[in-house]
Amino acid sequence: MKLKTRLAVLVCKAAGAVLRRLGRGGTNLPGKLALRIDGDILGALSQGVKVTVVTGTNGKTTTSRMIEKAFEDAGLRYFANKSGANLLTGIIAVFAQHCTLSGKCPYTHALIECDEAAFRTASKFLPVECLVVNNIFRDQLDRYGEITHTLNAIREGITHIPEATVCLNADCSLTASLARALPNKVVWFGVNVPIYEDAAHELSDAPYCIRCKTEYEYDYVTYGHLGGFRCPKCGYRRHAPDIAVTKVVSAGADASDVLLSVYGREHEVHINLPGGYNIYNAAAAAAAAHVVGIGEETALGALAAFECGFGRAEQFSLGACQARMLLVKNPAGFNQVINLIAHDDGVCKLAFLLNDRFADGTDISWIWDVDFESLAAQQARFTRVLVSGIRADDMALRLKYAGFPLDRLAVVRDFGALLDEIGADDTPAFLMPTYTAMFDLRGEIGRRTNVKAFYE
């Protein structure tokens, strides 16, 4: 191992240890320091490791946690970037953390959640065995630009890993288009049936054929632009999935039960999280486990037992209240959270936390494409509607136009005071923060409870 690589590892480990001691996680800065010392450090540290990468707009963290549980139950010697630090520097930091001081990695497998834009570069260095692409939705227009930019970043990244098996969402017309002219083996996953009765009215991020620009027709819609798409002009259509949800048996407030076919073998599967998007995440995780060689019973059993990633439907006891935190970051994801709340039939409190820092996306115009109107139609169920975050006033305005009277909206800017309000009675609560608001709120929750730090 080169001297500069060893020095980079030493600096990365030391910086990470100091930052974690300070309670800051040490997920990106150590990687930045290491990269300055050795620009090829990721390639050196990942040699000989079988890497599974999860990318796409929505569901990366949850899918990764599902796969991680399957890795654990299968007895694989692995590590993962479970903190969610999914840029190049965060990936470097987690490899350095799990290597010896000489730069040798003692693990056989790595599970890496990777940002879509960062994948273009990270794929040059990683020996990827399995790549999962969950979906592609409009997200952070100030950073990603048009949706095709995200698609092209992933497509370019795949050109660097021709030996990898690629798991693609058959129901996403954008994701599925990546298979065209690929030398890679492709494993398809998807959902063969509708998940919600009223999904067809949702805003589509991809209404027109990516090949000929004709408007798609759908046999059914699961959510957003996902479902049984077909182009009536050029014939581009949904590919029959190898791993498919064939029936949604139940979709409750805490979990879902489905029938899942794995290459024709049907299984009853319990998914330890609610929401249609998590049904997709489970199918993606089953596909990845199949590629890695994990037995079906082990892989599918993991879906019932995994722990959710931080902020992804995590539950907390706040005073007298049981609260669930659901990260929101784009219209498609937010609409799925709203779907979850709308299909729950109990009374509850709602808290919306909107920030506009770089990691959230500085352009918040996307909130006007979220279906808050469907919540306003049920507002008799909500005992409190709380609004917070840097752009709390903008969120309150959006909710007003959705149909919430101003006197029902309470803007609470201090997160401590917000948690006091939520915990004042035993009515359950749904907390919906954007990315940096989630970190800030979770830090405040951590000071009040024994919840694990986000990087643990």
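Report on the accompanying structure.

Rules and cut-offs
- Here the residue numbers are simple positions, counted from 1 along each chain's written sequence.
- Selection of residues for local features in this predicted model requires a pLDDT of at least 70, selection of side-chain atom pairs for listing and counting requires 80 or more, and totals for whole chains, interfaces and linings are taken over all residues.
- Water and hydrogen atoms play no part in the side-chain values, which are based on all heavy atoms of the structure.
- Comment: elements are numbered from the N terminus, with helices defined as DSSP H or I runs of at least four residues and strands as E runs of at least two.
- Throughout, radius of gyration means the C-alpha value; the globule benchmark is 2.2 Å times the number of residues raised to the power 0.38.
- Throughout this description, buried means an accessible area under 20% of the type-specific maximum (1.4 Å probe, protein chains only), exposed means over 50%, and partly exposed covers the range between.
- Each pair of aromatic rings taken from Phe, Tyr and Trp, with Trp reduced to its six-membered ring, is defined by centres within 6.5 Å and is described as stacked if the planes are under 30 degrees apart, edge-to-face if over 60, and tilted in the remaining cases.
- Charge-over-ring contacts are defined here by two conditions on Lys NZ or Arg CZ: a distance within 6 Å of the ring centre and an angle within 35 degrees of the ring normal.
- Here a salt bridge means any side-chain nitrogen of Lys or Arg lying within 4 Å of a carboxyl oxygen belonging to Asp or Glu.
- Disulfide assignment relies on a single distance test, namely cysteine sulfur atoms paired within 2.5 Å.
- The definition of a nonpolar core used throughout is a set of buried Ala, Val, Leu, Ile, Met, Phe, Trp, Tyr and Cys residues joined through side-chain atoms within 4.5 Å.
- Contact between two residues is taken to exist if any of their heavy atoms lie within 4.5 Å; hydrogens are not considered.
- Directions are taken from the helix axis to each C-beta atom, and the arc is the one they span.
- Pairs of N or O atoms are called polar contacts if they sit within 3.5 Å, as long as, within protein, a hydrogen donor faces a hydrogen acceptor (for residues adjacent in sequence, only side-chain-to-side-chain pairs).
- Pairing between strands requires that DSSP locate at least two bridges from one strand to the other.
- Within this analysis, patches are made of residues with over 30% relative accessible area and no salt bridge. Like charges are joined at 9 Å or less; nonpolar side chains (Val, Leu, Ile, Met, Phe, Trp, Tyr) at 5 Å or less.
- To be clear on the numbers: accessible area is Shrake-Rupley with a 1.4 Å probe, and residue cover counts the displayed protein chains and nothing else.

### Quick word on the overall build of the chain
Here is step 1: Assigned secondary structure in the chain consists of 16 helices and 17 strands.
Here is step 2: Since a compact globule built from 456 residues should have a radius of gyration of about 23 Å, the 22 Å found for the chain is in line with a globular shape.
Here is step 3: C-alpha atoms of the chain, sized along the principal axes, occupy 65 × 55 × 40 Å.
Here is step 4: Taking all 456 residues of the chain together, 58% fall into the buried category.

### With respect to the packing of aromatic side chains
Here is step 1: Tallied over the entire structure, the rule returns 15 aromatic pairs.
Here is step 2: Here Phe 229 and Tyr 236 contribute two aromatic rings whose centre-to-centre distance is 5.3 Å and whose plane-to-plane angle is 50°, an arrangement assigned as tilted.
Here is step 3: Accessibility expressed as a relative area gives 1% for Phe 229, which makes it buried.
Here is step 4: With a relative accessible area of 6%, Tyr 236 lands in the buried category.
Here is step 5: Among the aromatic residues, ring-to-ring pairing joins Tyr 216, Tyr 218, Phe 229 and Tyr 236 into one connected group.
Here is step 6: Above the face of the Tyr 107 ring, Arg 77 is positioned so that its terminal group lies 4.7 Å from the ring centre.
Here is step 7: The side chain of Lys 400 reaches across the aromatic face of Tyr 401, ending 4.8 Å from its centre.

### Details of the pattern of salt bridges
Here is step 1: Per the counting criterion, the structure on display carries 24 salt bridges.
Here is step 2: For Glu 217, the salt bridge goes to Arg 230, with nearest N and O atoms at 2.6 Å. Here Arg 230 lies in strand S8 (residues 226-230) and Glu 217 lies in strand S7 (residues 217-223), a separation of 13 residues in the sequence.
Here is step 3: Residue classification places Glu 217 among the partly exposed positions, given a relative accessible area of 35%.
Here is step 4: The class for Arg 230 is partly exposed, based on a relative accessible area of 24%.
Here is step 5: Between Glu 444 and Arg 447 there is a salt bridge, with its nearest N and O atoms 3.1 Å apart. With Glu 444 and Arg 447 both in helix H16 (residues 435-448) and 3 residues apart, this pair spans about one turn of that helix.
Here is step 6: According to the relative accessible area criterion, Glu 444 is buried, its value standing at 18%.
Here is step 7: For Arg 447, a relative accessible area of 63% gives the class exposed.

### Considering the state of the cysteines
Here is step 1: Tallied over the full model, the rule gives 0 disulfides.
Here is step 2: The cysteine Cys 231 is free of any disulfide, with Cys 212 supplying the nearest cysteine sulfur at 3.4 Å.

### Details of the nonpolar core
Here is step 1: Core analysis: the largest hydrophobic core is formed by 130 residues, its most contacted members being Phe 95, Phe 334, Phe 352 and Phe 372.
Here is step 2: Sort the elements by how many residues they give to this core and helix H10 (residues 276-292) lands first, with 13 residues.
Here is step 3: Other than its neighbours up to four places away in sequence, Phe 334 contacts Val 328, Phe 352, Trp 366, Val 370, Phe 372, Met 395 and Met 432.
Here is step 4: Membership of the second largest hydrophobic core comes to 20 residues, among which are Ala 351, Phe 415, Ile 422 and Leu 431.

### Quick look at helix H15 (residues 415-422)
Here is step 1: Listed as buried for H15 are Phe 415, Gly 416, Leu 418, Leu 419 and Ile 422. For H15, the buried positions fall inside an angular range of 160° around the axis, keeping them on one side.
Here is step 2: By the N-cap criterion, in which a side-chain oxygen at the helix start approaches the backbone nitrogen of a residue two or three places on, H15 is capped by Asp 414, the distance to Gly 416 being 3.1 Å.

### Re the pairing of strand S5 (residues 165-169)
Here is step 1: The buried fraction of S5 is high, at 5 of 5 residues.
Here is step 2: Here S5 shows a buried face lined by Thr 165, Cys 167 and Asn 169 and a second buried face lined by Val 166 and Leu 168.
Here is step 3: Here 4 bridges tie strand S4 (residues 128-133) to S5, and the two strands are oriented parallel to one another. Residue pairing in the sheet places Val 133 in a bridge with Leu 168 of S5.
Here is step 4: Across 4 bridges, the pairing between S5 and strand S6 (residues 186-191) is parallel. Residue pairing in the sheet places Val 166 in a bridge with Val 186 of S6.

### Side note on a nonpolar patch on the surface
Here is step 1: Together, Leu 7, Leu 10 and Leu 101 line one region of the surface with nonpolar side chains, adding up to about 280 Å² of accessible area.
Here is step 2: When you line up the elements, Leu 7 lands in helix H1 (residues 3-21).
Here is step 3: Since its relative accessible area comes to 44%, Leu 7 is described here as partly exposed.

### A closer look at the pairing of strand S11 (residues 265-271)
Here is step 1: In this sheet, S11 lies alongside strand S10 (residues 256-262) in antiparallel orientation, the contact comprising 7 bridges. Paired with Leu 260 across the bridge in S11 is His 267.
Here is step 2: The loop that links S10 with its antiparallel partner S11 comprises 2 residues; one of these, Tyr 263, has a positive phi angle of about 50°.

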